[in-house]
Amino acid sequence: MLLAIDIGNTNLTFGVFEGEELRFTFRLTTNLPRTSNEFGEAIGEALARHGIKEFQIQDVIIASVVPKVMYSLVSGIKKYFHTTPYVVGNGTKTGIHIAASNPSEIGADRIVDAVGAYELYGGPVIVIDFGTATTYDLVTGEGVFAARVTCPGIKISAKALWSSAAQLPEIEIKKPDSILAKNTITSMQAGLLYGTIGQTEYIIRKMKEESAIENIKVVATGGLGRSISDATELIDIYDPNLTLQGTRLIYEKTKAAEKKKGSTDEPDESR
């Protein structure tokens, strides 16, 4: 089995794959400091709740945008699972060509999302991740990561509202029944959710217009992506596990490249 780990600014999301099948997922909070032992025990306990023993995890792959978590997490995986995890980064086989002045500055989360969307749904595709930040990435039909847009995420915008305005309360983030709000809480919810829907539709249209690429699919993911996807016809597919699936696909590409390299390095015994 493969353990795929997506380390975001808010959560660490874990997915256990058996072949191409995603068996189950679980999460840990990112901003809680943990030692290598605490990581190993927490992951082991989560696996045990689903009937999985530590020795059944044969490989681990990590896509991370939070460097400070990596040392303890990697150490915990080595100690408890007796394997060195693959880490998505420079030189990783992705199948995607990044057309950027500095490819290394593009987060691993965006890369795995792009790979997942392109491989599973085809290109050209706009990939939207409604995470801590809301990101929009364009992958061409030829598999070129061609353009990107980065916006504050819904939770960031919400926190800015109630932390910067003394009379605005902390609220649950959800879409109200109507944009015609009657009180402070629903007015904030309307602004956040309908504002994000409007932003999403405008950016999709503008990316399609300026790229001049026809028949672009739009694939969304991220915790709050379902609410946005359900409210607009411009998003074609919502896949809550896109990041984990992209991470799995990169693992498979990496293993295939290693196998190919190993076969070419073998001595010719026919002589």
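Preceding block: the structure.
Remember, predicted model here, so these are calculated numbers, not experimental data.

## A short note on the overall build of the chain
What the chain contains, in helices and strands, is 7 helices and 11 strands. Computed over its C-alpha atoms, the radius of gyration of the chain comes to 21 Å, within 12% of the 18 Å expected for a compact globule of 271 residues. Each principal axis of the C-alpha distribution contributes one length, and for the chain these read about 80 × 45 × 30 Å. The buried share of the chain, reckoned over its 271 residues, is 44%. Excluding contacts between residues fewer than 6 apart, the proportion of contacts in the chain whose partners are at least 24 apart in sequence is 57%. In the form shown here, the chain has an accessible surface area of approximately 14,300 Å², with 49% of it arising from carbon and sulfur atoms. On the chain, the mean spot of the 28 positive side-chain charges and the mean spot of the 33 negative ones are 3 Å from each other.

## Observations concerning the sheet that holds strand β3 (residues 21-29)
Spatially, β3-β2-β1-β4-β5 is the arrangement adopted by the 5 strands of the open sheet, whose pairing is mixed. Each edge of the open sheet carries a strand with a single partner, namely β3 and β5 (86-87). Two strands pair when backbone bridges link them, and strand β1 (residues 2-7) and strand β4 (residues 59-64) are joined in this way by 6 bridges, in the parallel orientation. Residue pairing across strands places A4 opposite I61, the latter belonging to β4. The strands touched by helix α1 (residues 36-49) are β1, β2 (11-18) and β3; relative to β3, the strand with the most contacts, the crossing angle is about 140°. Together, β1, β2, β4 and β5 form the strand contacts of helix α2 (residues 67-81), whose direction differs from that of β4 by roughly 175°.

## Examining the layout of surface pockets
In this structure, the largest pocket spans a volume of roughly 720 Å³. Contributing to the lining of the largest pocket are 33 residues, with D6, D129, G131, T132 and G222 lying nearest its centre. Elements with a minimum of two residues in the lining of the largest pocket: β2, β3, α3 (108-121), β7 (125-130), β8 (133-139), β9 (144-152) and α7 (242-265). At 3 residues, α7 tops the list of elements feeding residues into the lining of the largest pocket. Of the residues that constitute the lining of the largest pocket, the class distribution is 9 nonpolar, 16 polar and 8 charged. Considering only enclosed or pocket space, the second largest pocket measures out at about 240 Å³ in volume. As for the second largest pocket, its lining consists of 13 residues, of which G89, N90, I98, P103 and I111 are closest to the centre. Here the lining of the second largest pocket is built from residues that sort into 6 nonpolar, 7 polar and no charged.

## Looking at the packing of α1 against α2
Packing of α1 against α2 leaves a shortest axis separation of 7 Å and a crossing angle of 60°. By the criterion of interaxial angle, the relationship of α1 to α2 is oblique. In the crossing of α1 with α2, the sense of the turn from one axis to the other is right-handed. The segment α1 lies against α2, with S36, N37, F39, G40, E41, I43, G44 and L47 engaging V69, S72, L73, S75, G76, K79, Y80 and F81. In the contact of α1 with α2, the residues fall into 7 nonpolar, 7 polar and 2 charged.

## Quick word on the pattern of salt bridges
Scanning the model with the defined rule gives 8 salt bridges in all. A salt bridge links R248 to E252; the nearest nitrogen and oxygen atoms lie 2.8 Å apart. In this pair, R248 and E252 both sit in helix α7, 4 residues apart, roughly one turn of the helix. Residue classification places E252 among the partly exposed positions, given a relative accessible area of 30%. Overlapping salt bridges bring together K206, E209 and E210 as one network.

## Points about the packing of aromatic side chains
For the structure on display, the rule yields 3 aromatic pairs. With centroids separated by 4.6 Å and ring planes inclined at 5°, the aromatic side chains of F14 and F26 adopt a geometry described as stacked. Placement of the pair is F14 in strand β2 and F26 in strand β3, with a sequence separation of 12 residues. The two residues F14 and F26 agree in class, both being buried. Aromatic rings pair up to connect F14, F24 and F26 into one cluster.

## Quick look at the pairing of β8
Among the 7 residues in β8, 6 count as buried, and that is most of the element. With 6 bridges connecting them, β7 and β8 associate as antiparallel partners. Bridge assignment links I128 to a residue of β8, and that residue is Y136. Relative to β9, β8 runs antiparallel, the two sharing 7 bridges. Counted as the bridge partner of A133 is P152 from β9. Count of turn residues in the β8/β9 antiparallel hairpin: 4 residues, of which G143 carries a positive phi of about 80°.

The rules behind these values
Residues numbered from 1 in each chain as written. Predicted model: local features only at pLDDT ≥ 70, side-chain atom pairs only at ≥ 80, totals over all residues. Heavy atoms only, no water. Helix = DSSP H or I, 4+ residues; strand = E, 2+ residues; numbered from the N terminus. Rg over C-alpha atoms; globule rule 2.2 N^0.38 Å. Buried < 20%, exposed > 50% of the residue type's maximum accessible area, 1.4 Å probe, protein only. Contact = heavy atoms within 4.5 Å. Areas by Shrake-Rupley, 256 points an atom, 1.4 Å probe, with all protein chains shown as cover. Lys, Arg positive; Asp, Glu negative; His and termini not counted. Charge placed at Lys NZ, Arg CZ, Asp CG, Glu CD. Pairing = 2+ DSSP bridges. Axes fitted to C-alpha atoms, helices over the stretch in contact; angles between N-to-C directions. 1 Å grid on protein atoms, 1.4 Å probe; cavity = no way out; pocket = protein on both sides within 12 Å on 5 of 7 lines; lining within 4 Å. Points joined across faces, edges and corners; volume = space filled by probe spheres on them. Nonpolar A, V, L, I, M, F, W, Y, C, P; charged D, E, K, R; others polar. Parallel < 35°, antiparallel > 145°, perpendicular 65-115°, else oblique. Left-handed = near helix turned anticlockwise from the far one by under 90°. Salt bridge = Lys/Arg side-chain N within 4 Å of Asp/Glu carboxyl O. Phe/Tyr/Trp six-rings, centres within 6.5 Å; stacked < 30°, edge-to-face > 60°.

Read these as spatial facts, not as claims about activity.
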